[in-house]
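For reference, the chains in residue letters:
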Amino acid sequence: MKNLQLKKHMMTAIAYMIPFVAASGMLMVVGNIFGGTSVDTLNASTPLPSLLTTLGGTALGFIPIIVSTGISYSIADKAGIAPGVILGLLCKVDGYGFLGGLIAGYLAGYLTKWLLKVIKVPKWVQGLLPQLILPLLVSLIVAAAMQYVLGVPITWVTNAITNLLVSMQGNPSATIIFGVIVGVLSAVDYGGPINKVVFTFAAGLLSEGIGGPIANLIQASMVAPFGLTIGYFISKLTKRNLFSDTEKDALKSAFVMGCFQITEGSFPIILNDLLRITICTAVGSAVSGGLIGFFGVESSVPSGGFLALPGFNKPVEWLISLLVGSIVFAIALQFLKHKPEAQVTQKESEDDIDLDGLSFTEL
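Quick caveat: nothing in here was measured; it's all calculated off a predicted structure.

**Description of helix 9 (residues 212-237)**
Residues spaced three or four apart along an α-helix face the same direction, because each turn holds 3.6 residues.
Then, in step 1: Compared with the 38 Å implied by 1.5 Å per residue over 26 residues, the 36 Å span of helix 9 between its first and last C-alpha is a close match.
Then, in step 2: V223 marks where helix 9 bends most, by close to 40 degrees; the proline P225 follows one to four residues later.
Then, in step 3: Where burial is concerned, most of helix 9 is hidden: 21 out of the 26 residues are buried.
Then, in step 4: Where helix 9 ends, the next residue or the one after it, K239, has phi of about 55 degrees, a positive value.

The structure is reproduced here in structure tokens:
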């Protein structure tokens, strides 16, 4: 299983998917801001806002195709692109969704890679192997397997997840628990593999019209930079020296980047005390995630931080959730964060150097 590199290929697909999903979502936001609505048919008389809303919404439905193609390409290189697109389209049309796109991508990629090794053809046909023969064979084989064998359980699992989340909407305790789980998983590895898996899951649900998990992920990714900033000001008020000069400088960029859902600006501080700050992150994002579930906040946009505010159904409640979670993070920080080591000034450093024993006689 290790040689299959399943995680590597999925991360490649996610790297391709993120800008696609972000651009599609922002098209919807811009269109909605100016009063656009989704229409069935586009023509020369379609207003620009409706064009943007329709284009963005339609593009989000292509997530299975992007995922399938990305995985298949990562496994089989260029020979995997055509079957990846074709089989991803099958998943979109048949309603297999994001989960179907994942499975189709792996099947298409590994089958293509295997056939490239085992099929022997005359030299004059070799050029057609990756361009015609393999895409046709792989598409036929995997499409038949998806349509008549794998499609039933995939549809069942996809519908079960969707129905479970829909049923949670009327159960406050369930939505709070689910919100806590999504919030913590979205935040604790600061944009790492766990966050990417949650994003993939949430983006798939977004394409099905369920925007709660993605709204949760957006704010959870912002809890650390905002919590550190609030924590700094609390430490100043309480006269507790929790931040070194280097960390104070890093806070400036961390806060600005955090406004746009970019956690990396906080890394110079987080990595100085990784375990304790990660605990603060988990506690803060759990609280904010639970509030997202309690308020029933949903987003039609997959990312963007404050830029995504127009895409939320309840922007005020979303802001309250983010603020409360960040404050909880900041309070926990006061008790957990290590104080910086005493900083030595340049003058003190020079005073400590003893030159009395220095001799140049041997030079």
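Read on, since the account is not over.
**With respect to the confidence of the model for the protein**
Then, in step 1: Considering every residue of the protein, the mean pLDDT works out to 87; 93% of them sit at 70 or more.
Then, in step 2: Looking at the elements of the protein, mean pLDDT is at its lowest for helix 14 (residues 346-351), recorded as 45, and at its highest for helix 13 (residues 315-336), recorded as 96.
Then, in step 3: Confidence over residues 344-350 falls short of pLDDT 50; this stretch has 2 contacts with residues more than four positions distant or in other chains.
Then, in step 4: Segment residues 358-363 is flagged for pLDDT under 50; beyond a separation of four residues in sequence, or across chains, it makes 0 contacts in the model.

**Remarks on the pattern of salt bridges**
Then, in step 1: Following the criterion strictly, the structure yields 4 salt bridges and no others.
Then, in step 2: We note a salt bridge from K248 to D245, for which the minimum N-O separation is 3.9 Å. Residue K248 and its partner D245 are both found in helix 10 (residues 245-258); the two are separated by 3 residues, about one turn of the helix.
Then, in step 3: Its relative accessible area of 42% is what places D245 among the partly exposed residues.
Then, in step 4: Between D249 and K252 there is a salt bridge; the shortest N-O distance is 3.7 Å. One end of the pair is D249 and the other is K252, both in helix 10 and 3 residues apart, which spans about a single turn.
Then, in step 5: Residue D249 is classed as partly exposed on the basis of its relative accessible area, which comes to 49%.

**Side note on unusual backbone geometry**
Then, in step 1: Non-glycine residue K239 carries a positive phi angle of around 55 degrees.
Then, in step 2: Checked against the element boundaries, K239 lands in the loop between helix 9 and helix 10.
Then, in step 3: Under the relative-accessibility criterion, K239 is labelled exposed at 79%.
Then, in step 4: You will see that Q261, though not glycine, has its phi angle at about 65 degrees, which is positive.
Then, in step 5: Mapping Q261 onto the fold places it in the loop between helix 10 and helix 11 (267-270).
Then, in step 6: Relative accessible area serves as the criterion here: at 15%, Q261 is assigned to the buried category.

**Focus on the environment of N3**
Then, in step 1: Note that N3 resides in the segment before helix 1 (6-33).
Then, in step 2: Sequence separation between N3 and Y106 is 103 residues; the distance between their C-alpha atoms is 14 Å.

**Looking at the side chain of T46**
Then, in step 1: With respect to the helices and strands, T46 occurs in the loop between helix 1 and helix 2 (48-60).
Then, in step 2: From its side chain, T46 meets the backbone nitrogen of N43 in a polar contact 3.0 Å long.
Then, in step 3: In contact with T46, other than residues within four places in its own chain, are V39, T41 and L51.

**Regarding a nonpolar patch on the surface**
Then, in step 1: Residues L275, I279, V283, V287, V316, I320, L323, V324, I327, I331, F335 and L336 make up a contiguous nonpolar surface patch of about 1000 Å² in total accessible area.
Then, in step 2: Mapped by element, the contributors of at least two residues to the nonpolar patch are helix 12 (274-295) and helix 13.
Then, in step 3: Per element, the largest residue contribution to the nonpolar patch is 8 residues, and it comes from helix 13.

About the thresholds
- Numbering of residues begins from 1 in every chain and follows the order in which that chain's sequence is written.
- Totals for whole chains, interfaces and linings use every residue, but because this is a predicted model, local features are given only for residues with pLDDT of at least 70 and side-chain atom pairs only at 80 or more, for both listing and counting.
- Water and hydrogen atoms play no part in the side-chain values, which are based on all heavy atoms of the structure.
- Under the DSSP-based scheme used, a helix requires at least four consecutive residues in state H or I and a strand at least two consecutive residues in state E, with every element numbered from the N terminus.
- Working rule for helices: expected span equals 1.5 Å times residues minus one.
- Here the bend at a residue is taken as the angle between two axes, fitted respectively to the seven residues that end there and the seven that start there.
- Here's how the labels work: a residue is buried when its accessible area is under 20% of the maximum for its type, exposed when over 50%, partly exposed in between, all with a 1.4 Å probe on protein chains only.
- Every residue gets a pLDDT, meaning the predictor's confidence in that residue, from 0 to 100.
- Residues are treated as being in contact if the distance between any of their heavy atoms lies within 4.5 Å.
- Salt bridges are counted wherever a side-chain nitrogen of Lys or Arg sits within 4 Å of a carboxyl oxygen of Asp or Glu.
- N or O atoms within 3.5 Å of each other form a polar contact, as long as, within protein, one can give a hydrogen and the other can take it, and as long as residues adjacent in sequence are counted only when both atoms are side-chain atoms.
- Residues enter a patch when their relative accessible area is above 30% and they make no salt bridge; the linking distance is 9 Å between like charges and 5 Å between nonpolar side chains (Val, Leu, Ile, Met, Phe, Trp, Tyr).
- Residue burial considers only the protein chains on display, and all accessible areas are found by Shrake-Rupley using a 1.4 Å probe.

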